[in-house]
Amino acid sequence: MFRLLVLTLLLTTSVFAQDITTLEKIGDVVSLTKTDKSITLICNDNSQVQLTILAPDLVRVRASFTKPIPAKDHSWAIAKNDWSTPRWTVNESSTTIIITTDELEVTIQRSPLLISFRDARTHQLLNADERPMSYDANASLAGIMFDPKAGPFVAASKKLGFDEHFYGLGEKASRLDKRRSSFINWNSDTPGYIEGKDPIYQTIPFYIGLQRGIAYGIFFDNSYRSYFDFGKSSQQRAWFGAEGGEMNYYFFHGPWIKKILGRYADLTGHMPLPPLWALGNQQSRWSYYPDTMVEEVVNEYRKRDLPLDVVHLDIDYMHGYRVFTFDKDRFPDPKALTDKLARQGVKVVTIVDPGIKHPVDKNERYHAFDQGLEKNYFQRRRNGDLFVPRVWPGESVFVDYTLPEARRWWGELHRVYTDNGIAGIWNDMNEPSDFVDQTGKNQLDVVSYDEGEKSTHAKNRNTFALLMSRGTYEGLERLRPDRRPYVITRAAYAGIQRYATMWTGDTNSTWDALALNIPMFTSLGLSGEPFVGSDVGGFIGRGNGELLVRSYQVSFLAPFCRNHKVIDGYDQEPWRFGKYYEDIIRKYLKLRYSLMPYLYTALEEAHRTGVPPFRPLLLNYQDDPSTYNLDDQFMVGNDLLVAPIMKPDVTRRLVYLPSGSWYDYWTNKKYAGGTMISVDAPLDVVPMFVRAGAMIPIWPSLNYIGEKPVSTISFNIYPDDSGLASATLYEDDGLSPSYKTGVFRRTTFTARRGPGGITISMEWAEGSYIPGPRKFSFVAKTGERVNF
Ligand code: GLC
């Protein structure tokens, strides 16, 4: 036992034992070649470094150790390759090479080879190499690598700023500011994870550094098991590396984080808009069956006047966990069910896992297995054997999603869902989880086609979910071209936002897990994933009324708002703990639907600009150091600030209000910002503030999207100190992809205080969408008269 413990300790500590100072450094620059887009540096050890200028604020750095840069250049994450090269110059001296764009100045010191990035206008240093890029020439790390043959380990090390903060890095069970922490990226099925558990489900190797209010971004586009250390193992460096593949990173210049997020979205893809009903309230359970129980859940929602748009079917809807089938006894007529629920305004989302059941009996016919086998679309081991992991159906097979024709076939299999009126698909277990061994060792020699490279698991694990979601999304697009696909995923790699929304997996029904919601949602938003949420109430364990209410008070403004529970967990639908709690939950669900035009406008902003709706305060107040590690409150868009309670028996808390003035949402009391205030927060109240200068659009009360035409949109006006307020309202049909071709309407409203009260002006709307007849009404929360 003791030996086992020691071994476990050794293993867990050794994972991060790479001492990058022992790695071989890249050689000095001896010459360079130049094209209109890039320069390539040739080093005295035959290494090459290529810097490509993609935009004035975006430069790619690619290094190849002791050999030329390979001609093959492919990444599943990248959405845009056709950059129009901005103007840039290169100046060589005997010691340096300096690339200058309108925004960036990149200095390469020849010996030793060190790269630094400065602001081209102010010459202020943004980021600098601490040591030359390096690699594991002697395979000394091979012993602790997932796949010793995958290497060499490659690393880049940056000087750690005395006051530098780090954000992003996707889904991590950690706080907002990642300074003094280190992380591994290796998509892993980690039920019941707690703060500090690492890695968990997703890999987004993109982070933002912020110092003195100035931000830069680094996207290390390498899908091998990767490492990020933000000043944990050393006072002087923040480094990143991977167990194979290329040193390949993109450097983004801000100084604004919002600008970096826009560029990152340009590079890895903008999130398409999901259907508007995806912003509705969702209910799930492992698992609701048979069909009559699903009806009961929906009836209960309607009877109790609780809003609901979506119900989820977890794995038990299938015939023996066979994806693309329905259990004939439990769901004899899925179309009749979805039709019936549609009449109550409810959509159905079904779970689809990657494991396709491997029939136990050779004579059993199962179309998904038979077709995939015949077409040779399943993953195989290097020796040609089918790879047979164990998942819910028992022995299973996985599709090789790197094959374009396999992705297409996978998409086509979804016809059984679309024909039966299923509205969206929930992709789970796609790390991919394998009950034989969750570390991936059982998959070590599994080969994927990978554009002809026939690469192994070490490279493909982290991109598996990205490609599975892509197959699902593109399939839904083909099957229902006039509808926006709605896909939810658990695992991911950078670029996932092009295909799927996400949730944070198997959380615990605990206060600690609830407290992780805000830093996790905001960090995901800072990593290019705007549509996020968590199982409301927590997934594992027994919750209670207070925890459930406080959980809704975090999630009622998160893009994904879904209550979900593990199979043996205590029921936690909104009414399960009694009327007292149910009434409070109703209040917040109704508030979510009232704020729908505000939420949807913020979501469209995310689609267009990459700036997420659910934000840490620092995104809106980047100049304010008081926001840099603030992760127990959040903002939605630019105007709403929410400070939930995330502890039991607590009914008062401190709230930080940034500069400007703020109105208490509930009382309209005005506060001066730039300070901390103490506010009451009894269980039925989540402290919530509106930025002075905002106008918040409000819908009439609805129990689901489309319940009745929205005949009036009311604007609540919160004038700033000079009597001004403004709002943008985004509208479209909420369902079709026509918004992509301009069929939307964006209207700007301004309120201005004058002698006779507040006067509203409306700017000419953008876009060609013609909404149904609706009235606008305006209410000043100061009690002033409004003229329109
Ligand atoms: C995984 C999912 C969870 C789901 C369960 C059964 O644990 O994360 O949400 O309920 O599988 O499908």
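Thresholds, definitions, all that
Residues numbered from 1 in each chain as written. Predicted model: local features only at pLDDT ≥ 70, side-chain atom pairs only at ≥ 80, totals over all residues. Heavy atoms only, no water. Salt bridge = Lys/Arg side-chain N within 4 Å of Asp/Glu carboxyl O. Helix = DSSP H or I, 4+ residues; strand = E, 2+ residues; numbered from the N terminus. Buried < 20%, exposed > 50% of the residue type's maximum accessible area, 1.4 Å probe, protein only. Pairing = 2+ DSSP bridges. Axes fitted to C-alpha atoms, helices over the stretch in contact; angles between N-to-C directions. Polar contact = N/O pair within 3.5 Å; in protein donor to acceptor, adjacent residues only side chain to side chain. Near = heavy atom within 4 Å. Areas by Shrake-Rupley, 256 points an atom, 1.4 Å probe, with all protein chains shown as cover. Nonpolar A, V, L, I, M, F, W, Y, C, P; charged D, E, K, R; others polar. Expected span 1.5 Å × (residues − 1). Contact = heavy atoms within 4.5 Å. Lys, Arg positive; Asp, Glu negative; His and termini not counted. Core = buried A, V, L, I, M, F, W, Y, C linked by side-chain atoms within 4.5 Å.

Peer 1: If you had to explain the pattern of salt bridges to someone new, which residues and values would you point to?
Peer 2: Enumeration over the complete set of coordinates arrives at 54 salt bridges. A salt bridge links arginine 490 to aspartate 506; the shortest N-O distance between them is 3.7 Å. In this pair, arginine 490 is assigned in the loop between β30 (487–489) and β31 (492–493) and aspartate 506 in the loop between β32 (501–502) and α10 (511–525), connecting sequence segments 16 residues apart. Here arginine 490 matches aspartate 506 in class, with each residue buried. Because the salt bridges share partners, they merge into one network encompassing Glu300, Lys303, Arg304, Lys579, Glu582, Asp583 and Arg586.

Peer 1: Explain the sheet that holds strand β26 (residues 394–397) residue by residue, including any values.
Peer 2: The antiparallel open sheet is built from three strands, whose spatial order is β23-β26-β25. Edge strands, defined here as strands with exactly one partner in the open sheet, are β23 (356–357) and β25 (390–391). One ladder, built from two bridges, connects β25 with β26; its direction is antiparallel. Counterpart to arginine 390 in the pairing with β26 is glutamate 395.

Peer 1: Provide a residue-level description of the sheet that holds strand β16 (residues 214–220), including the pertinent values.
Peer 2: The eight strands lie next to each other as β2-β3-β4-β5-β19-β16-β15-β12, forming an open sheet whose pairing is antiparallel. In this open sheet, the two strands that pair with only one neighbour each are β2 (29–34) and β12 (165–168). Across the sheet, the axes of successive neighbouring strands diverge by a mean angle of 20°, strand direction being ignored. Examined bridge by bridge, strand β4 (residues 48–55) and strand β5 (residues 58–64) share seven bridges and lie antiparallel to one another. Directly across from isoleucine 53, in β5, lies its bridge partner valine 59.

Peer 1: Could you give an account of the environment of arginine 576, with specific residues and numbers?
Peer 2: Here arginine 576 is to be found in the loop between β34 (560–563) and α12 (579–594). Classification of arginine 576 by relative accessible area gives partly exposed; the value is 38%. Along the sequence, arginine 576 and leucine 548 sit 28 residues apart, while their C-alpha atoms lie 9.9 Å from each other. Of the polar contacts made by the side chain of arginine 576, one reaches the side chain of aspartate 571; its length is 3.5 Å. Within the structure, the side chain of arginine 576 is placed 2.6 Å from the side chain of glutamate 573, a separation counted as a polar contact.

Peer 1: Explain the site of the ligand to me, using residue names and the numbers behind them.
Peer 2: Taken together, Trp286, Asp314, Ile315, Ile351, Trp392, Trp426, Asp428, Arg490, Trp503, Asp506, Phe539 and His564 make up all the residues around the ligand. Contacts to the ligand include aspartate 428, whose side-chain N or O atom sits 3.0 Å from an oxygen atom. Between the ligand and arginine 490, the relevant distance is 2.8 Å, taken from an oxygen atom to a side-chain nitrogen or oxygen of the residue. Within the complex, 98% of the 310 Å² of free accessible area of the ligand lies under protein. When grouped by side-chain class, the residues that make up the shell around the ligand number seven nonpolar, one polar and four charged.

Peer 1: Explain unusual backbone geometry to me, using residue names and the numbers behind them.
Peer 2: A negative phi angle characterises most non-glycine residues, just as the trans form characterises most peptide bonds. Cis peptide bonds are those with omega within 30 degrees of zero, and the linkage from glycine 254 to proline 255 qualifies with 0°. Note that proline 255 resides in the loop between β19 (247–253) and α2 (257–268). Of note, tyrosine 321 is a non-glycine position whose phi angle comes to about 60°, a positive value. Following the sequence through the fold, tyrosine 321 ends up in the loop between β21 (310–313) and α4 (334–343). The phi angle at glutamate 451 is positive, at roughly 55°, despite the residue not being glycine. Structurally, the position occupied by glutamate 451 is in the loop between β28 (446–448) and β29 (455–456). When its relative accessible area of 39% is taken as the criterion, glutamate 451 is described as partly exposed.

Peer 1: Please give an account of α12 that cites residues and values.
Peer 2: Across its 16 residues, α12 extends 22 Å between first and last C-alpha, which sits within 8% of the 22 Å expected from 1.5 Å per residue. For α12, every residue scored as buried is listed here: Glu582, Ile584, Ile585, Arg586, Tyr588, Leu589, Lys590, Leu591, Arg592, Tyr593 and Ser594. In the core, the buried residues of α12 are packed alongside α11 (545–555), β34, α13 (596–609), β42 (688–691) and β43 (694–698).

Peer 1: Talk me through the side chain of aspartate 434; I want residue IDs and the actual numbers.
Peer 2: Counting through the fold element by element, aspartate 434 comes out in the loop between β27 (424–427) and β28. Among buried Asp, Glu, Lys and Arg side chains, aspartate 434 stands out as unpaired, with arginine 381 the closest opposite charge at 6.3 Å. Within polar-contact distance, the side chain of aspartate 434 engages the backbone nitrogen of valine 436 at 2.9 Å. Side-chain polar atoms of aspartate 434 contact the side chain of asparagine 442, separated by 2.8 Å. If we ignore the near neighbours within four places in the chain, the residues touching aspartate 434 are Phe387, Pro389, Arg390, Asn442 and Gln443.

Peer 1: Describe in detail the environment of phenylalanine 387, supporting the description with residues and values.
Peer 2: Structurally, phenylalanine 387 is set in the loop between β24 (380–381) and β25. Residue phenylalanine 387 is classed as buried on the basis of its relative accessible area of 0%. Linking phenylalanine 387 and valine 399, residues twelve residues apart in sequence, is a C-alpha distance of 9.9 Å. Once residues within four sequence positions are removed from consideration, phenylalanine 387 is found in contact with Gln379, Arg380, Arg381, Ser396, Val397, Phe398, Asp434, Asn442, Gln443 and Val446.

Peer 1: I'd like a description of the nonpolar core, backed by residues and values.
Peer 2: Ranked by internal contacts, the top residues of the largest apolar core, which has 172 residues, are Phe219, Ile356, Leu557 and Met695. Excluding residues that lie within four positions of it along the chain, isoleucine 356 makes contacts with Val323, Tyr366, Ala368, Phe369, Phe378, Glu395, Ser396, Val397, Val399, Trp409 and Trp410. Core analysis: the next-biggest nonpolar cluster, separate from the first, contains 56 residues, Val61, Ile115, Tyr216 and Phe240 among them.

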